Structure formats: structure tokens, C-alpha cells
Amino acid sequence: MALEMEAGGPGEWESPLYREAVAQFDRVADLMNLDENIHERLRSPQRALVVTFPFRRDEYKTVDTVFGYRVQHLHTMGPTKGGIRYAADVNLGEVAALAMLMTWKCSIVGLPFGGAKGGVRVDPTVLSRAEKQRLTRRYTMEIINFIGPDKDIPAPDMGTDEQVMAWLMDTYSTHVGHTEPAVVTGKPPSIGGSIARREATGRGLMSLLPSVASHLSLPVEGSRVVVQGFGNVGQYAALAAHQMGCKVIAVSDISGAIHNDDGLDIDDLMHYVVETKGVADYKESDKIDPDKMLTLDCEFLVPAAVGGVLNEGNAPDVKARAILEGANGPTTGAADEVFRENGVFLVPDVLANAGGVTVSYFEWVQDLQNYFWSEAEIVARLREIMNRAFSEVLDTSIRQQTDMRTAALIKGIRRVTDAKLARGVYP
Ligand code: NAD
């Protein structure tokens with residue numbers, strides 16, 4: 001089925017990234033013999049809002065007008081959920097593609113959400129704190145009827161953080177006339193944010209390592225782990241690996257890559273990075289070529305930085321037994337094929353990094369109930385959800401003799417399809 005065949009012709013969200021998301025969906029839908037009507041329906045987002053709005057710069061006479069977006073892919077499962085990114089090149093096609101991926105991610109781990117994504121086309125690095133606040137408050141007003149605890153719940157993404165979520169929550173609450181923490185997740189804990197949200201994606205990812213190790217008959221203790229990216233996801237993934245007795249033998253960030261065969265002291269490295277802003281000159285290690293780091297001999301490779309880093313150029317040289325995708329889209333389609341052929345076991349992003357949205361879900365539940373859980377409860381529930389999803393996906397992959405990425409998408413798409421068939425078409 002080509003994009004051109006959609007009712008109304010190609011969507012306004014037509015873009016390379018959207019085409020890629022649809023192609024991936026089409027491939028799995030065909031494999032599943034998905035009901036044709038449902039297949040067609042899920043190829044387009046349910047609602048897409050484009051706004052333009054002004055915000056005042058610190059130099060009072062300057063008012064900039066920018067584009068803002070919010071796309072909700074699917075309302076069948078409950079409210080929609082997904083981040084808001086501030087980036088100079090964000091566009092409707094990108095946001096729509098990411099909203100579709102959020103639908104599959106939420107469905108794979110069994111959360112009662114459809115996917116959404118939002119964005120403002122602005123370079124956040126040139127904005128002062130006051131400018132970012134005015135921009136956020138005005139963007140919130142532009143989408144205020146589109147979001148809400150029962151409708152659509154934003155979260156941070158690239159270029160946005162806890163503070164941006166706090167301004168969004170405050171603006172929304174002021175306009176509805178009461179405090180409404182459940183309208184966003186990823187807020188500071190002082191206003192209803194969940195503890196352990198910051199660590200959630202890295203921790204959730206690493207909670208799968210023992211299951212992967214057991215499936216591949218590898219030990220956990222002493223296994224060698226390589227982590228690309230030492231930001232939010234990479235740091236907490238490396239820390240969790242270190243704490244469970246693995247040897248984290250190499251890490252990298254934008255400043256460079258470091259290596260120590262005996263294993264790096266991740267607690268110490270995290271403190272070091274707070275002070276120096278980069279891993280490159282850390283003392284207890286040797287510098288290595290960041291590209292070569294990805295092909296080091298190791299048991300577990302964790303790409304946790306940017307997209308497309310494992311590609312046809314380096315995939316044949318990857319020696320890791322398993323890849324746990326912390327980043328979104330770190331592996332290209334061509335590399336995926338190489339890994340399948342070479343027997344590299346890959347846990348795909350839609351499953352591996354779902355810990356973030358899972359703890360966001362916990363935050364929303366806690367806000368709605370005004371009852372807050374302990375860190376131990378959050379971590380235990382996160383582990384349970386991640387590991388249940390992992391073993392269901394592994395079962396599907398074994399039963400259908402397919403790779404983990406395809407199996408994860410089959411699981412996600414099937415759950416959505418069952419819900420759509422049960423609800424039927426109105427009227
Ligand atoms: P972050 O900005 O906190 O960290 C990114 C890290 O990657 C930094 O250390 C940066 O220096 C490093 N980096 C950037 N380019 C690099 C390169 N070319 N080589 C090596 N290192 C490089 O971001 P994050 O929140 O950790 O997100 C990382 C990835 O995980 C992204 O793809 C993001 O979409 C994905 N993700 C994040 C979350 C979350 O909860 N934060 C959830 C799901 C997916």
C-alpha cells in the first residue's frame with residue numbers, strides 16, 4: 001500500500017521520516033496479514049495541530065513568530081502520550097512519525113496510551129531562560145484545548161526539560177482554574193513529578209540485561225559492556241550495569257571515547273563528568289577512536305546517543321553478542337540485516353528504552369490518585385513491566401521465527417488492532 005493511496009492523498013505530514021515510519025509499519029502489517037481497514041487507518045495520525053505564534057525576545061521590541069506542532073496518532077487506547085521537542089528543524093512530518101512510534105512503544109509495554117509528539121521550531125540554545133519561559137507558556141496556550149490529563153499528556157524531549165514541563169503545567173493549571181499536575185510528566189518532584197524518572201530509561205534498559213544474558217547463556221557478572229553516549233540514558237545504563245557486576249569497559253560522549261579493560265568506575269566517572277562536562281580526559285582510562293569503540297570485543301553494546309550510528313559501514317565488524325538500543329533509531333535497516341545474519345541479538349528501541357515512558361505512566365497514575373510511591377516500588381514495577389514485555393516479545397520472535405524488532409512491532413500492532421476491532425467504527 002503506497003502513501004499516495006491514503007484517503008485524501010498524501011498527508012500533510014509527508015516527509016522522509018514519516019515515510020520511513022509508515023514503511024516499517026507496512027512491512028510488519030503485511031507480515032501479520034493485518035486487517036486492511038485497520039492497516040489503512042493506522043497509517044495516518046488521528047489528529048494533527050499546526051500553530052504559529054509570537055513570543056517576545058528579551059530585547060523588548062523584538063517579537064519572533066515560530067511554528068508549533070502537536071500530533072496525536074491514536075486515541076483508541078486512552079489518552080495520548082509523548083514528548084515535546086524544541087529544535088531548529090522540527091517539522092510536522094518528524095513529529096507525526098515520532099507520534100506513530102510512540103503508539104507502538106506504549107502498546108508493546110502495555111500502557112493505556114496512544115502515541116503523540118509535539119514540537120516548536122526554534123533553536124533552544126539561543127534562548128535565555130526568560131525567553132524559553134514565554135515561548136513555553138504561549139505554546140501551551142496554543143495547544144491548551146488539545147491536551148489534558150484525559151486527552152494528551154506531554155513530557156520532555158530534545159531541548160526541553162523538567163523546568164519546561166513545570167511552566168507548561170503552571171500555565172495549564174492557571175487557565176483551567178485549579179492545579180492539574182497530571183497534564184504533563186517529567187515535572188520536578190516538588191510539583192508532582194515522580195522520583196526515579198530521571199534514571200528510568202537507563203535503569204529500565206539494564207533491567208533487561210540479565211534476561212538477555214540468560215537467553216544467550218552469558219554470565220552477568222564480569223560481562224563486558226560498551227556504552228555510546230554518556231547523557232541521561234547512557235549514564236544510568238552504565239551505572240546499573242556497573243552495579244550488577246558487569247565491567248563497563250568503554251564509554252563515549254561528544255567529547256571523545258575512553259577505554260579500560262578492567263572496567264571503569266562509573267560512580268566516579270559520573271562525578272567527573274558533572275565537573276568537566278565530558279568523559280574524554282578521565283584519568284583511569286585510555287582514549288580510543290569513538291568509531292572503533294562500537295566494534296570492541298564485548299558482550300553487550302548499548303548505543304545511547306544518536307540515530308544511525310550502527311550502519312552498513314560498521315555493522316559487519318560489530319563483535320558484541322547483544323545490542324540494547326538506548327537511543328531512538330541507532331541501527332539502520334541495512335545494519336539490522338547484518339546483525340540478523342551474524343546472529344547478534346538486538347533488543348530494539350521500542351522495547352529497550354520504554355522505561356522512560358513507563359515511569360512517566362507511573363507519574364501520571366500517582367498524580368491522578370494524589371498518592372506517591374516509594375523509589376523501591378517504582379523500580380520494582382518498572383522491572384516487572386520491562387521484563388514481562390521482553391519475554392512476550394522473545395516468545396513471539398521464537399514462535400514466528402523472526403527478529404526482536406519485528407516481534408516487538410507485531411506485539412504492539414496486535415494489541416492496538418484488538419482494541420480497534422473491539423471498539424468498532426462510529427457510527
Ligand atoms: P542526552 O542529551 O542526555 O545525552 C546524549 C549523550 O550522547 C551526551 O553524552 C552526548 O555527548 C552524547 N553524544 C551525542 N552525539 C554523540 C556521538 N556522535 N557520539 C557519542 N556520543 C554522542 O540525551 P538522552 O536523554 O540520554 O537521550 C539519548 C538517546 O536516548 C536519544 O536518542 C533519545 O531519543 C533516546 N531516549 C531518551 C529517553 C530519555 O528518557 N531520556 C527515553 C527514550 C529514548
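Our structure is the block above this text.
Given the structure is predicted, the values throughout are model-derived calculations rather than measurements.

The rules we used
Residues numbered from 1 in each chain as written. Predicted model: local features only at pLDDT ≥ 70, side-chain atom pairs only at ≥ 80, totals over all residues. Heavy atoms only, no water. Buried < 20%, exposed > 50% of the residue type's maximum accessible area, 1.4 Å probe, protein only. Helix = DSSP H or I, 4+ residues; strand = E, 2+ residues; numbered from the N terminus. Pairing = 2+ DSSP bridges. Right-handed = clockwise from strand over helix to strand, strands pointing away. Polar contact = N/O pair within 3.5 Å; in protein donor to acceptor, adjacent residues only side chain to side chain. Contact = heavy atoms within 4.5 Å. Axes fitted to C-alpha atoms, helices over the stretch in contact; angles between N-to-C directions. Core = buried A, V, L, I, M, F, W, Y, C linked by side-chain atoms within 4.5 Å. Salt bridge = Lys/Arg side-chain N within 4 Å of Asp/Glu carboxyl O. Arc of directions from axis to C-beta.

Visitor: Looking at this structure, how should I read the pairing of strand E7 (residues 247-253)?
Guide: Look at any regular strand and the pattern is simple: side chains alternate between the two faces of the sheet. Taking burial as the measure, the seven residues of E7 include six buried ones, the bulk of the element. For strand E6 (residues 224-228) and E7, the ladder comprises five bridges, and the chain directions are parallel. Note on E7: the bridge partner recorded for Arg-224 is Lys-247. After leaving E6, the chain enters helix H8 (residues 232-243) and then returns to the sheet as E7, a path that is right-handed. Taken together, the four bridges between E7 and strand E8 (residues 256-259) define a ladder with antiparallel strand orientation. By the bridge assignment for E8, Ser-252 is matched with Ala-257.

Visitor: Help me understand the side chain of Ser-360 in this model?
Guide: Locating Ser-360 in the fold gives a position in helix H13 (residues 355-369). A distance of 3.2 Å separates a polar atom in the side chain of Ser-360 from a polar atom in the side chain of Arg-197. With residues near it in sequence (within four places) discarded, Ser-360 still touches Lys-81, Thr-185 and Arg-197.

Visitor: Any chance you could explain the sheet that holds strand E5 (residues 152-156) here in plain terms?
Guide: Strands belonging to one sheet form pairs held by backbone hydrogen bonds; the direction of such a pair is parallel or antiparallel. Pairing within the open sheet is mixed, and its five strands lie in the order E1-E2-E4-E3-E5. Across the chains shown, the open sheet's two edge strands, defined by having one partner strand only, are strand E1 (47-56) and E5. Pairs of neighbouring strands in the sheet enclose a mean axial angle of 20 degrees, with direction left out of account. Each of E1, strand E2 (63-72), strand E3 (80-87) and strand E4 (114-121) is contacted by helix H4 (residues 129-142), which is oriented at about 140 degrees to E1, the strand it contacts most. Those strands touched by helix H5 (residues 162-176) are E3 and E5, and its axis lies near 150 degrees from that of E5.

Visitor: Would you mind showing me how to read the nonpolar core here?
Guide: Nonpolar side chains in soluble globular proteins tend to be buried together. Among the nonpolar cores identified, the biggest contains 97 residues, and Met-206, Val-225 and Leu-269 are the most heavily contacted of them. Among the elements that take part in this core, helix H3 (residues 92-108) stands out by supplying ten residues, more than any other. With 23 residues, the next largest nonpolar core counts Val-66, Val-120, Phe-146 and Leu-168 among its residues.

Visitor: Could you clarify how one ought to interpret the pattern of salt bridges in this entry?
Guide: Two side chains carrying opposite charge are able to pair once their charged atoms lie near each other. Evaluated as defined, the whole model comprises 26 salt bridges. Put simply, Arg-43 and Asp-26 hold a salt bridge, and the shortest N to O gap is 2.9 Å. Placement of Arg-43 in the loop between helix H2 (36-42) and E1 and of Asp-26 in helix H1 (residues 16-32) is noted, with a sequence separation of 17 residues between them. Using a relative accessible area of 1% as the deciding quantity, one classes Arg-43 as buried. One salt bridge in this structure joins Lys-187 and Glu-363, with 2.7 Å as the shortest N-O distance. On the criterion of sequence distance, the pair formed by Lys-187 in the loop between H5 and helix H6 (200-206) and Glu-363 in helix H13 is long-range, its members being 176 residues apart. Relative accessible area serves as the criterion here: at 0%, Glu-363 is assigned to the buried category. Here the salt bridges do not stand alone but share partners, grouping Arg-85, Glu-94, Lys-117 and Asp-157 into one network.

Visitor: Please explain helix H11 (residues 333-342) as it appears in this structure.
Guide: Within the span of H11, buried status applies to Ala-335, Asp-336, Val-338 and Phe-339. Buried residues in H11, looked at end-on, bunch into an arc of 165 degrees, giving them a common side. Turned more than 90 degrees from where H11 packs its buried face, Gly-333 and Glu-341 sit exposed. Packing partners of the buried residues in H11 comprise strand E11 (322-324), strand E12 (345-347) and helix H15 (404-423). Following H11 by one or two positions, Gly-343 has its phi on the positive side, about 70 degrees.

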